[in-house]
Amino acid sequence: MKNIADGFHNISIKRKIIILGLIMILYPIILVIIFGMYNNEKIIKDRFVSYVENDVMNAKVRMSNDLDFMEEIFQEVLYNIDAYDLFRSKPKDININNTMLEYKFQKDMNKYLKSTIFAKQEFDLVTMQFVSDDSVYYAAKEKGLVNIGKIPKEEFKKVTENNNQVLYYFDKEDNGQYIYLVRSIYDINSFDKIGIMSFRIDNNYLQEILSHTYREPAESTYLYTYEGDRIVYAGRNYNNQIIESKKLYLNEKGTYTHTINGNNYYVIVETIDDVNLKIISVITTDMLISDTRKVFDLIIILCIISMPIYIIIANMIYSEIISPFNLLVSKMKDIEKGELNTSIDIIRKNEIGYLYNSFNSMAKRLKYLVECVYEEEIARKNAEIAALQSQINPHFLYNTLETINWKAQLSGEQDIAEMVQALSKLMDANMNRNGKKFSTIEQEIQYMDSYLFLIQKRFGKKIEYDKIIDQNILKEKLPKLIIQPIVENAIKHGIEPVGRGKILIGISEKDEKLIIEVEDNGAGIEVPKLKSINVELSDNKYIAEEQDNSKSIGLKNVYRRLLLIYGKEAEISILSTYTKGTKVTLKVPKTVLTKN
């Protein structure tokens, strides 16, 4: 097994592509033959038979419901007083005196029967047979006269004798088999039998119901009586020979398979027991799967034809993809040999071109690293030394300020001592000797007070400030040195340009957020510049900026730190009116800092 794996690994990529392509073609062919030929036909048959069974059941339900509805039509007659009055108005004896009455009665009967038959799409013939003189009146949808002799009057008498229910009578005529609904009509006052009324169901209507079960040319559906008389059908008519020769109409409800003359058939039987009818659907399975077998043959032919086409495509893929990789491998081997000036001419703009470009960049970078490694090492050590020195200098300055503070106090110079103490606090906060990234709001206020103390010593009464602080949030935490830079920014850009002014500082809590507001009545910001600043803030540009080389930590630094800590939950807004002042508002989540 290991030898086979090693041998496959040694095969060229070109041959692997061809082998893989042939496997991908042959594999589905085998699956089609094995599973398709042996299983797909059964799946198609079963699914189609299931559809037909459902259709036949739906036809049975609809036909049963329609027959029930047809029976209810007699109820309309029973409760139709006008109809009863019409039936009772029939003259009993025909003579010269009542000839006109007979004519009028005949006219009224024709009118009533026609209005009845044309109002019911289910029927094509209605008759009324009077027992008094055995006369028959009728109305038909088809034009022309109806042969009264063909109407089974005597049979109607027999089936309705001593029975006042709606009855079904199957009549076989020259042009087909028909279903009649027959019922006796009684006088509602005397309960004497007036006559026999019948409705003949339109075979076209029954055929329309069966047509909903007809899906394919391989299928046909029939309506049979229990005695084997065929009434209507939908689909191919010659399947009735199969039903009648094998007497399939005698089968109980269910699905049956039959093989006749080498052809396979499914027979679905549904019964309408109340009226002794059966719906029988016959499916020729060979015709169902004939199209499927043609598709299988076409798939096999297409697969065979595609083999040489795939070999051609494999060669094209090899020359377009694999050959460039071979060139890349060759150039990499040159670099392994120490030829650092190796490069590839780029003539492609696709993924391979990107690889070539990356290889050239790698080769140049490798050459640079080999040639400049010592210079890089020296530069790194110098940077480390400079970093150590930058840490020593602030400590030395802080210690020196402490010494000046004590000497000023010993000399009685209280103002100088207070200024040095304030400056020391700011230096201590900037140096962050304890390594803490956050401080309480109370500590932030102390840093801000120290800064404003020094500012007022410098400007005197030219700068005033006021604070509105919520005392309940003094122990909440903020990132260190967040408030003081905003105040410094307000003095530098707001108060100093106009010479004097006032700053209002507010810190509060709302909706689980800490709100810091710094407002001045200084120079304000011109509209174009304010729009530019707000656009930059809305685009979060500060988060991607490099740190400035200067030691100042202004508004940009504050906003950058807030974005790094809080992300999109940090909010900053600047409102300003030129020559009237500016208001900066910061909003940060309270809960995040509390947890931290």
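Use the structure listed above.
The following refers to the structure shown. (Residues numbered from 1 in each chain as written. Predicted model: local features only at pLDDT ≥ 70, side-chain atom pairs only at ≥ 80, totals over all residues. Heavy atoms only, no water.)

1. Focus: the overall build of the protein chain
Right, on to step 1. Each helix and strand in the protein chain was counted, giving 15 helices and 17 strands.
Right, on to step 2. Per-residue burial for the protein chain yields a buried fraction of 38% across its 596 residues.
Right, on to step 3. Within the protein chain, contacts between residues separated by at least 24 positions form 60% of all contacts whose residues are at least 6 apart in sequence.
Right, on to step 4. Of the roughly 36000 Å² of accessible surface on the protein chain, 54% is carried by carbon and sulfur atoms. (Helix = DSSP H or I, 4+ residues; strand = E, 2+ residues; numbered from the N terminus. Buried < 20%, exposed > 50% of the residue type's maximum accessible area, 1.4 Å probe, protein only. Contact = heavy atoms within 4.5 Å. Areas by Shrake-Rupley, 256 points an atom, 1.4 Å probe, with all protein chains shown as cover.)

2. As for the environment of V49
Right, on to step 1. Tracing the backbone through its elements, the reader meets V49 in helix 2 (residues 13-78).
Right, on to step 2. C-alpha of V49 to C-alpha of T255: the two residues are 206 residues apart in sequence and 8.8 Å apart in space.
Right, on to step 3. Apart from residues no more than four positions distant in its own chain, V49 is found in contact with T255, Y266, I268 and I283.

3. Re the pairing of strand 9 (residues 263-272)
Right, on to step 1. Burial of strand 9 is extensive: eight of the ten residues sit out of reach of the surface.
Right, on to step 2. As consecutive antiparallel partners, strand 8 (residues 254-260) and strand 9 are separated by two residues, and within that stretch N261 has a phi angle of approximately 55°, a positive value.
Right, on to step 3. As paired strands, strand 9 and strand 10 (residues 277-284) are joined by eight bridges and run antiparallel to one another. What sits directly across from I268, in strand 10, is S281.
Right, on to step 4. Remark: four residues form the turn of the hairpin made by strand 9 and strand 10, two consecutive strands paired antiparallel; N276 in that turn has positive phi of roughly 60°. (Pairing = 2+ DSSP bridges.)

4. Observations regarding the packing of helix 11 (residues 441-459) against helix 12 (residues 483-495)
Right, on to step 1. Across the interface, helix 11 lies against helix 12 with an axial gap of 8 Å and an inter-helix angle of 30°. With respect to their mutual orientation, helix 11 and helix 12 come out roughly parallel. Classified by chirality, the crossing of helix 12 by helix 11 is right-handed. Within the contact between the two elements, helix 11 uses E444, M448, Y451, L452 and I455 and helix 12 uses I483, Q484, V487, E488 and I491. (Axes fitted to C-alpha atoms, helices over the stretch in contact; angles between N-to-C directions. Parallel < 35°, antiparallel > 145°, perpendicular 65-115°, else oblique. Left-handed = near helix turned anticlockwise from the far one by under 90°.)

5. Here's the deal with the sheet that holds strand 3 (residues 167-173)
Right, on to step 1. Reading across from one edge, 2-1-5-4-3 is the order of the five strands in this open sheet, with antiparallel pairing throughout. Looking at which strands have only one partner, the edges of the open sheet turn out to be strand 2 (136-140) and strand 3. Strand-to-strand twist in this sheet, taken as the mean axis angle between neighbours without regard to direction, amounts to 25°.
Right, on to step 2. Pairing geometry for strand 1 (residues 123-130) and strand 5 (residues 193-201), over seven bridges, is antiparallel. Across the sheet, F123 pairs through a bridge with I201, a residue of strand 5.

6. Concerning the sheet that holds strand 6 (residues 219-225)
Right, on to step 1. Spatially, the five strands line up as an open sheet ordered 7-6-10-9-8, and their pairing is antiparallel. In the strand order of this sheet, the two ends are held by strand 7 (230-235) and strand 8, each with one partner. Taken pair by pair, the neighbouring strands of this sheet meet at an average axis angle of 20°, ignoring direction.
Right, on to step 2. Note that strand 6 and strand 7 share five bridges and pair antiparallel. In the strand pairing of strand 7, Y224 is matched with R230.
Right, on to step 3. Along the sheet face, helix 6 (residues 203-211) touches strand 6, strand 7 and strand 10 and points at about 45° away from the line of strand 7.

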